[in-house]
Amino acid sequence: MARPSLDPENWPAFRASAQKMLEAALDKMEQAGEGAVWAPLPETLKRQMHASLPEQGVGMEKVQAQLEELLPFGVGNTHPRFFGWVHGSGGAASLLAEITAAAMNANLGGRDHGAIYVEKQVVAWVKEMFGFPAGASGLVVSGTSMATIVALKVARDAKLGARKVGVGAHRLVGYASSEAHNCINRAFDMLGLGSDALRAVPVNAAFEMDMPALRKMITADRAAGLEPFLLVGTAGTVNVGAFDDLDALADIAAAEGLWLHIDGAFGAAGVLSDILRPRLRGVERADSLAFDFHKWLHVNYDAGFVLVRDEGLHRAAFESAPDYLASAARGLAAGRPWPVDYGPELSRGFRALKVWAQITALGTEALGAAISRNCAQAKLLADMVDKEPSLERLAPVASSVVVFAHILGDVATEEIVLRLQENGVAVPSLTSVNGRKAVRVNITNHRTRNEDLRVFLAAVLASAR
Ligand SMILES: *Cc1c(COP(=O)(O)O)cnc(C)c1O
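Numbers given for residues are sequential positions, taken from 1 along each chain in its written order. Reporting of local features is limited, given that this is a predicted model, to residues whose pLDDT is at least 70; pairs of side-chain atoms are given and counted only at 80 or more, and all residues count toward the totals for whole chains, interfaces and linings. For the side-chain quantities, the full set of heavy atoms in the structure was used; hydrogens and water were omitted.

**Student:** Any chance you could explain the site of the ligand here in plain terms?
**Tutor:** Neighbouring the ligand are 13 residues, the closest being Ser145, Asp263, Asp292, His294 and Lys295. As used in this structure description, the phrase polar contact means that two N or O atoms lie within 3.5 Å; if the pair is within protein, one of them must be able to donate a hydrogen and the other to accept it, and residues adjacent in sequence are counted only when both atoms belong to side chains. Asp292 is positioned such that a nitrogen or oxygen atom in its side chain is 2.7 Å from an oxygen atom of the ligand. Take Lys295: an N or O atom from its side chain is 3.0 Å from an oxygen atom of the ligand. Each accessible area is a Shrake-Rupley estimate made with a 1.4 Å probe; only the visible protein chains count as cover when residues are assessed. When the ligand sits alone it has 380 Å² of accessible area, and the protein chains cover 86% of it. Whether a residue is near a molecule or strand is decided by its heavy atoms; if any one of them lies within 4 Å of it, the residue is near.

Put into structure tokens, the structure is as follows:
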């Protein structure tokens, strides 16, 4: 039987389901610290996700029940003892924003409507946060990986004007430290530059880019007929949380005529923190910056940002004007340039709303204080690790990351990580530092209390025994 529309046929029943769902979601968020940090999806639920394509729908009530069953089985990053990789822990403002965004179903590719003004507000705030000039531009994207592709495309086109003819015989090369995130390699690959064209500059004992080595590599590449065009600094390396000397990088970029891009995926948010702000000196001199709201600013997944110093160059890399996207001086098609003129996506969801809601609800002071608290907690955990004869710390603490090994070696270290994850007490992740397996604890978590660190360390020592 044909339905008149796809809307609920019984609104009172749908309201009841929606309110039930809201209560379940609120319970989940309010009780973030309860239960296992991570638990694998039970077999019964895995089987539910192996159904054949439904010809007949089951209705919203059954869907609501299934959604509620899924709630406990996330990554675990909402829990105060989630310390794996780099995840933000999310928050309540995103819930309100996502409800609103779901009801509006706005498309932020362009045009003149309320949602666009929210994104413009977010862009203006980001410029202010990082001390960028009025002529800068930006775009809310899925994350730093996408932000990096956008930024590096602007850099490539600023150098070559390669939009129509491609890079041809040019042999562009760029530089990032050996600790830089893999998303930069991937962007080189996707932009047709080839990932080999990204040079891995060695790091010093603090895991920061070695400046004399960088200078030598640039000179050698020029002598070999290559075209250096890009320098990438990292503000918060993913492995140990180190910060490159951004001011020194800005000096070299200026002297060598290179585009300076900063990967500040989690660390850039440190401009809001009294502890980390000094490490970001020089970020205001970058040509582009990529960072995430979903990491240390705790907006729910996903939300990242690309900031570009020169709006003209940014737009020149993406703007195009097919007939069906013609703009107008009045009406809904007014207000160009639109977000589509600054990035690859035409249809775009309303990510900006949860960013706006988070910053508006909490303010930069509370967001910065939560970052400072995490830095202090990383130092505290490092001190606790240093007091344990069976554990050995493998890197200095620069921000939120503590890495350490068990003295019995790689097998023991790996086993500690796996057992903690599997028994649900805490989630650290496993990495390698200077060739040794390491338990990696990253505290970008506004729910973590010092007591959680003690629980974690006790569990490490218990599983080692
Ligand atoms: C997380 C991270 C990225 C990738 O960001 P996504 O938002 O996951 O795409 C890049 N660089 C660093 C330093 C990171 O920590």
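**Student:** How do you make sense of the pattern of salt bridges when you look at a structure like this?
**Tutor:** Think of it this way: side chains of opposite charge can pair up when their charged atoms draw near. Salt bridges are defined as contacts in which a side-chain nitrogen from Lys or Arg sits within 4 Å of a carboxyl oxygen from Asp or Glu. Under the defined criterion, the tally for this structure stands at 22 salt bridges. For the salt bridge of Asp292 with Lys295, the shortest nitrogen-to-oxygen distance reads 3.4 Å. Here's how the labels work: a residue is buried when its accessible area is under 20% of the maximum for its type, exposed when over 50%, partly exposed in between, all with a 1.4 Å probe on protein chains only. The class of Asp292 is buried, set by a relative accessible area of 2%. Residue Asp386 pairs with Arg393 through a salt bridge whose shortest N-O separation is 2.8 Å. One network of salt bridges, with partners in common, ties together Lys153, Arg156 and Asp157.

**Student:** Would you take a moment to explain the nonpolar core for this structure?
**Tutor:** Nonpolar side chains tend to gather and get buried jointly when the protein is soluble and globular. If you look at the biggest cluster of nonpolar residues, it comprises 96 residues, and the most contacted ones within it are Phe130, Leu214, Leu231 and Phe293. Secondary structure elements follow DSSP: runs of H or I no shorter than four residues count as helices, runs of E no shorter than two count as strands, and numbering proceeds from the N terminus. Broken down by element, this core gets its largest block of residues, eight residues, from helix 11 (residues 351-386). When checking whether two residues touch, look at their non-hydrogen atoms; a contact exists if any pair is within 4.5 Å. In contact with Leu231, other than residues within four places in its own chain, are Tyr175, Met209, Leu214, Leu249, Ile252, Ala253, Leu258, Trp259, Leu260 and His261. We define the nonpolar core as a collection of buried residues of types Ala, Val, Leu, Ile, Met, Phe, Trp, Tyr and Cys that are connected through side-chain atoms lying within 4.5 Å of one another. Within the second largest apolar cluster, 23 residues are counted, among which are Phe83, Met384, Leu420 and Leu453.

**Student:** What exactly am I supposed to notice about empty space enclosed by the protein here?
**Tutor:** Using a probe with the size of a water molecule, rolled over the atoms, empty space left in the structure can be pinpointed. Using only the protein atoms, space was sampled on a 1 Å grid; points where a 1.4 Å probe fits but cannot get out form cavities, open sets with protein on both sides within 12 Å along at least five of seven lines form pockets, and lining residues are those with an atom within 4 Å of a point. Grid points are joined across faces, edges and corners, and a volume is the space filled by probe spheres set on the points. Under the definition given, this model contains one cavity of 30 Å³ or more. Size it by volume and the largest cavity reaches roughly 70 Å³. Lining the largest cavity are Val86, Glu179, Ala180, His181, Thr234, Gly236, Thr237, Val238, Asp263, Ala265, Phe266 and Lys295. Side-chain classes are defined by residue name, with Ala, Val, Leu, Ile, Met, Phe, Trp, Tyr, Cys and Pro counting as nonpolar, Asp, Glu, Lys and Arg as charged, and the others, Gly among them, as polar. Here the residues of the lining of the largest cavity sort into five nonpolar, four polar and three charged.

**Student:** Where do I start with unusual backbone geometry in this structure?
**Tutor:** Comment: phi is negative for the bulk of residues other than glycine, and the bulk of peptide bonds are trans. The step from Tyr301 to Asp302 runs through a cis peptide bond, and the omega angle for that step is -10°. Mapping Asp302 onto the fold places it in the loop between strand 6 (288-292) and strand 7 (304-308). Positive phi is not limited to glycine here, since Asn434 has a value of about 50°. Its location among the elements puts Asn434 in the loop between strand 10 (429-433) and strand 11 (436-442). Under the relative-accessibility criterion, Asn434 is labelled exposed at 66%.

**Student:** Is there a simple way to think about the sheet that holds strand 4 (residues 227-234) in this case?
**Tutor:** The strands making up a sheet associate through hydrogen bonds between their backbones, and the pairing can be parallel or antiparallel. Strand pairing is defined by DSSP finding a minimum of two bridges between the two strands. On the basis of which strands lie adjacent, the open sheet formed by seven strands has the order 1-7-6-5-4-2-3 and mixed pairing. Each edge of the open sheet is held by one strand with a lone partner, namely strand 1 (137-141) and strand 3 (198-201). Each adjacent strand pair in this sheet contributes to an overall mean axis angle of 20°, direction not counted. Both strand 4 and strand 5 (residues 259-263) contribute to a ladder of five bridges, which runs parallel. Counterpart to Gly233 in the pairing with strand 5 is Ile262. Geometry is summarised by axes, namely lines fitted to C-alpha atoms with helices restricted to the contacting stretch, and by angles between N-to-C directions that run from 0 to 180 degrees.

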